[in-house]
Amino acid sequence: MVTHLSRLMANVGGPKSSRRRLIMSAVQPVLLYGAEVRADTINIEFYRIRIARVQRQAALRVCSAYRTVSALAVLVIAGVIPVKLSAGERKAIYQRKGEIGKDTARTEERSRKYQQWQNSWQKDTRGRWTARLIKQIQPWVERRHGEVDYYLTMFLSGHVDTVCDRMLEGNDYWCCWVYSVSKRVIWTGTRDRSKIRTAR
């Protein structure tokens, strides 16, 4: 299903990220089908890897990213909650709704889900450039403004060289220079040209 939907969405051009997310939302119910009962099976490595692979492919299409972007980083950029956390949330709500009510359980579990995602995001060793730019996950995912396109995703994922090549094809040398220097300034935390190093 993801493969067929991906053919509708090229990296450059095509639908906006909000519409891409809407199209890819057709995949989420399939991944979370029966999560209230079988959420624990996602902890089994075999199933976890297969489900994560499908979700990552969907997230790549949502934010127009390359396959070289780490799984955790592309999920954050696309604003796609890891299926393992979503399944755990559904199971917890199902188990606790009789005790404290469905609305209260949903609110508490949603907060716990974001906290778990934030902790794993801070501890992970990959996607550190993205973590510098997107420090808090929940405000980023729940924002009501802005669209993530190919160029913004390349910047958020650290693929400056790729973006500059596309800019140079259009003879946009000034934008390429600004884009490259901006990344170096953010990465090094300084505006002193003599101290700026190329970010890697």
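Conventions adopted
Residues numbered from 1 in each chain as written. Predicted model: local features only at pLDDT ≥ 70, side-chain atom pairs only at ≥ 80, totals over all residues. Heavy atoms only, no water. Axes fitted to C-alpha atoms, helices over the stretch in contact; angles between N-to-C directions. Helix = DSSP H or I, 4+ residues; strand = E, 2+ residues; numbered from the N terminus. Parallel < 35°, antiparallel > 145°, perpendicular 65-115°, else oblique. Contact = heavy atoms within 4.5 Å. Nonpolar A, V, L, I, M, F, W, Y, C, P; charged D, E, K, R; others polar. Left-handed = near helix turned anticlockwise from the far one by under 90°. Salt bridge = Lys/Arg side-chain N within 4 Å of Asp/Glu carboxyl O. Buried < 20%, exposed > 50% of the residue type's maximum accessible area, 1.4 Å probe, protein only.

Caption draft 1: Geometry of the packing of helix H2 (residues 17-24) against helix H5 (residues 45-63). One way to put it is that H2 packs onto H5 with a least axis distance of 8 Å and a crossing angle of 155 degrees. It follows from the interaxial angle that H2 and H5 lie roughly antiparallel. Judged by residue contacts, Ser 17, Arg 20, Arg 21 and Met 24 of H2 engage Ala 58, Arg 61 and Val 62 from H5. Counted by class, the contact of H2 with H5 contains three nonpolar, one polar and three charged residues.

Caption draft 2: How the structure looks around the packing of H5 against helix H6 (residues 71-78). Interhelical geometry of H5 versus H6 gives an angle of 50 degrees and a closest axis separation of 9 Å. Of the possible angle classes, the one that applies to H5 and H6 is oblique. In terms of crossing hand, the pair formed by H5 and H6 is left-handed. On the side of H5, the interface is formed by Gln 55, Arg 56, Ala 59, Leu 60, Val 62 and Cys 63, while H6 contributes Ala 71, Val 74, Leu 75, Ile 77 and Ala 78. The class makeup of the residues in the contact of H5 with H6 is nine nonpolar, one polar and one charged.

Caption draft 3: Quick look at the pattern of salt bridges. The final tally for this structure, using the stated rule, is eight salt bridges. When the shortest N-O distance is used, the salt bridge between Asp 40 and Lys 91 registers 2.6 Å. Taken as a pair, Asp 40 in the loop between helix H4 (35-38) and H5 and Lys 91 in helix H7 (residues 83-100) lie far apart in primary sequence, 51 residues in all. Overall, Lys 91 belongs to the buried group, its relative accessible area being 16%. One salt bridge in this structure joins Asp 124 and Arg 126, with 3.2 Å as the shortest N-O distance. Taken together, the salt bridges that share partners define one network made up of Arg 96, Glu 108, Glu 109 and Arg 112.

Function-wise, these values are silent; they only describe arrangement.
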